[in-house]
Amino acid sequence: MTGGAPGRSLWQDARRRLLRNRAAVTAMVILAIIILLVTAAPWLSPWQFDQIDWDRLSIPPDPASRHWFGTDAVGRDLFVRTLLGGRVSLLVGVVATLVSLAIGVTWGAVAGYLGGRVDAVMMRVVDILYAMPFMFFVILLMVFFGRDILLLFVAIGAINWLDMARIVRGQTLALKQREFVEAAVASGLTTPAIIGRHIVPNLLGVVAVYVTLTIPQVILVESFLSFLGLGVQEPFTSWGALVNDGAQEIESAPWSLLFPASFLAVTLFCFNFIGDGLRDALDPRDR
Amino acid sequence: MSAATQPSERTESLLQVRDLEVHFTLPGDGWLARRRVVRAVDGVCFNLRAGRTLGVVGESGCGKSTLARALLGLVPATGGSIRLAGEEITGRTAAALRPLRRKVQMVFQDPFASLDPRMTLGQIIAEPLRALNPELDAAERRRRVRHLMERVGLAAGWIDRYPHEFSGGQCQRIGIARALACGPELLVCDEPVSALDVSVQAQIVNLLMELQRELGLALLFIAHDLAVVRQVSHEVMVMYLGRQAELAPAELLYRSPRHPYTRALLDSVPLPDPERERARQAVPLAGDPPSPLSPPAGCAFHTRCPRAQARCRQSRPALHPLEEGRQLACHFPLPVQ
Amino acid sequence: MALLEVRDLEIRFHTDDGEVRAVNGLSFRLERGETLGIVGESGSGKSQAVLGLMGLLADNGRLRGSVRFDGEELTRLPRNALARLRGRRIAMVFQDPLSALNPHLTVERQMTEVLTRHEGMGRRAARRRAIEMLEAVQVPDAARRIRRYPHEFSGGMRQRVVIAMALLCRPDLLIADEPTTALDVTVQAQVLRLLRDLQQRFHMSILLITHDLGVVAGLSDRVLVMYAGRACEEAGVRELFHHPRHPYTLGLLQSVPRLDTPAGEPLRAIPGSPPSLLQLPAGCAFAERCPRARPACRETPPAMREIAPGHHLACHLEPPP
């Protein structure tokens, strides 16, 4: 504890612990590879995602024709479609989670910090929204406004923020009792400054864990909607839509289920391992 | 603020507290239940001059921490008045309080919990400067922070480190540096050493006394440790269930307490001396302090007081001045020793 | 034979930041009917030492050394045998009475359960014994209050209930870890008096762990002072308070403000803070803060030696007269 070197922040400590967690690091590497593949999809195959190979309908993986994962019933390349579906699924996961993050953290932190009547009203709003049958709500939106992918992001995000708001509010209530918040009031900070400088940064750990667990949840919801035929629209696709298509041909063309389903499962596992690792790394119990 | 070690009797008090009341309304059980009122602070009066220390002692639930928070405007006063350097604090909005914040700062009990774990020492100590002296630029702020750190016994090279890398005693020094950043005239210390190890307590007590001498600070020193309070205080106030039992110059109070509760407190402190400890007679007080939710009628202390009589159960004793600047609220005070 | 004999106790914790050396070669004896006070600051290893000898260390803790209780080696006892011993022959009282009580059960249920399970008593007899014990710890109106839940008791009464529970099986050894730290000073005085009376009445041994020198002075027969996981001095209570020989003991006694000496002088603080248990210095752990430290102090840790009958000291320096 001597010398003038800058100290280790709690974040740096957490990163060090996270990097020592083998499961989490492996998951991060695999996830990075998946993201890379998904981003580079158009350059990895000569086929377009909506291009129909009339000669090869529903064939198993065939390196000769560069259909690495085979083709679907109408002759579209499954490799490209799986990666493209991954783009959509991951994008839905990330964007919807960001939407829920923005609304949930603000809502929860404000309600928790201000407390009293404001808190009561804000949390009753959350309770009421909770009580709405969410699938029904999304289905209604889709039916009324058509199958718009942007709308899908917003709809899922707008549902997910409720959990986030509750978690953040609980944490804020606990933080508010801490003396450093009182010290900030005594130091003359305004309420927005206290929420911005003290409450939110101290929430980020919990929020980060929750985000890594929300992304796979959102991906699953999107898959479910696609499974119901309410997700992305043809010729665009997502992992959920692909799994749905594949499931219908499980006997004749098992590869059309196997590849997208494996990608989906591996991605979900990765997020969960990262979430667990983050939680352990940020957990202050072992310090 | 020149050296104020010996303020003349005529100087006006820096802090004047009159009949201060802080009552909380607790939410009842359920919607229609009757709301309960806790009289956390109930009629406290004192003056505090620059360069002096008022010690506040009492057991848990006596309202001493609420008193501290009321002085900083962290909880609203529900009655009475607090005048700081002639200006009324009570009834102000947060914005109207801000200019006064430069004059009064607080040192907290828990040295770790009172520092934001995500901030560096430099950010923590600079926070009051940032909020209350916005005219300073970053370089000037940093210069001042380094100076403050050295003043409280921290190496200036630690400015970019984080609180979790330091011990309790060092964290308390960080808290003190933050409290001093804006050059306050009054420092409210809420149990500043009770969370620290015995061998470190003395360092912090000495530091606070040194700073007081040097800067002419007025200190309000809250603690449950009567020996520490005697060490730092010029005057001492004893509180019981939100009420002021006795207030007197420290030497007088410890030599000749006149409230039976003060006597009992003093007699309860275990002494680091095997012979005296073993020769101790009966336990001074039976039972626990009553809940502040339902304080006894009359004198709040009558349920545990060895001298209580019928009158104590019926009427609440008023605070009245006695000899040598003593204030007392008791119907049947102990004789002067 | 001593009731409890601890030899060369070592406790280590494996953490992400390295090995925490919580207790380093601690030895002491406790005779029947005797009270030994263990004094130390946070991180001195006093609490971990007793948790260790009771087999209650956290999962990442490792213990070495020997703990003999009434001639039986506890470190080699299987888990459930040790668990049976706790509660019957060794009882414990901790700082926070609320965490020691189950909030969902009445005091009666919690107290009688101990007796029906450990002693095979009938419900009636157990209830009678529980009420007797509550009366012994001076809980007023015990027969009625026993039906209440823990939260219906005040802080001081709760600690009395916890003590009564600890004494139900008439243990030979009571371990009290900071038993009065969470209590108000007037209540602390009551509980200390109670512990002293109970010891005489039940003739048990007490291992008292505390940071408060005043508490030790009133209750202990002998005192062991710990610093950074090591014992630095052990002596009879009068000897220790009147003739402290270790610079740390002396420093502690001098740095505490007390009511029975004149006020006004600046306190004689011990400079610095205790060393990190992750990187203990090679020599005497106190050398860094010791006003009399010599080069030799920083090289080897001092061994415990007897400097007068019953007075043990771990210090390289010649003790002051």
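Analysis parameters
- Residues numbered from 1 in each chain as written.
- Chains lettered and ligands numbered in written order.
- Predicted model: local features only at pLDDT ≥ 70, side-chain atom pairs only at ≥ 80, totals over all residues.
- Heavy atoms only, no water.
- Contact = heavy atoms within 4.5 Å.
- Buried area = accessible area lost by both parts, 1.4 Å probe.
- Salt bridge = Lys/Arg side-chain N within 4 Å of Asp/Glu carboxyl O.
- Polar contact = N/O pair within 3.5 Å; in protein donor to acceptor, adjacent residues only side chain to side chain.
- Helix = DSSP H or I, 4+ residues; strand = E, 2+ residues; numbered from the N terminus.
- Nonpolar A, V, L, I, M, F, W, Y, C, P; charged D, E, K, R; others polar.
- Domains from an automatic or database assignment.
- Buried < 20%, exposed > 50% of the residue type's maximum accessible area, 1.4 Å probe, protein only.
- Arc of directions from axis to C-beta.

Trainee: Can you break down the interface of chain C and chain B residue by residue, with the values?
Mentor: Taken together, the contact between chain C and chain B spans 51 residues of the former and 41 residues of the latter. Of the roughly 3800 Å² buried where chain C meets chain B, counting both sides, 55% is carbon and sulfur surface. Taken together, chain C and chain B are joined by 1 salt bridge. Residue B:E275 pairs with C:R238 through a salt bridge whose shortest N-O separation is 2.7 Å. The tally of links from chain C across to chain B stands at 19 residue pairs in polar contact (both at pLDDT 80 or more). Looking at the side of chain C that touches chain B, the elements with two or more residues in it are α7 (155-167), α8 (185-202), α9 (213-219), α10 (237-242) and α11 (247-255) of chain C. A per-element tally of the side of chain C that touches chain B places α8(C) first, with 9 residues. For the side of chain C that touches chain B, the per-class residue count stands at 23 nonpolar, 17 polar and 11 charged.

Trainee: Describe the domain arrangement of chain C, and please don't skip the residues or the numbers.
Mentor: All names here are of chain C. Domain annotation for chain C reports domain 1 (1-89 + 173-258 + 269-321) and domain 2 (96-168). Just the C-alpha atoms count here: the centres of domain 1 and domain 2 sit 30 Å apart. Taking both sides of the interface into account, the surface hidden between domain 1 and domain 2 amounts to around 1200 Å²; carbon and sulfur atoms contribute 70%. When the buried surface of domain 1 facing domain 2 is broken down by residue, R88, L194 and L198 rank first, second and third, together holding 33% of it. Run the count over domain 1 and domain 2 and you get 1 salt bridge. R88 serves as the salt-bridge partner of E119, at 3.9 Å between the closest nitrogen and oxygen. Summed over the shared surface of domain 1 and domain 2, the result is 2 residue pairs in polar contact (both at pLDDT 80 or more). Looking at the side of domain 1 that touches domain 2 residue by residue, the class counts come to 10 nonpolar, 1 polar and 4 charged.

Trainee: Outline helix α2 (residues 94-101) of chain B, listing residues and values.
Mentor: Residues of α2(B) that are buried: B:L97, B:L100 and B:R101. Along the axis of α2(B), the buried positions cluster into a sector of 100°, meaning they face one direction only. Those residues of α2(B) that are exposed and angled more than 90 degrees off the buried face are B:A95 and B:P99. The secondary structure elements touched by the buried residues of α2(B) are α7 (179-186) of chain A together with β4 (79-84), β5 (87-88), β6 (104-107) and α3 (121-132) of chain B.

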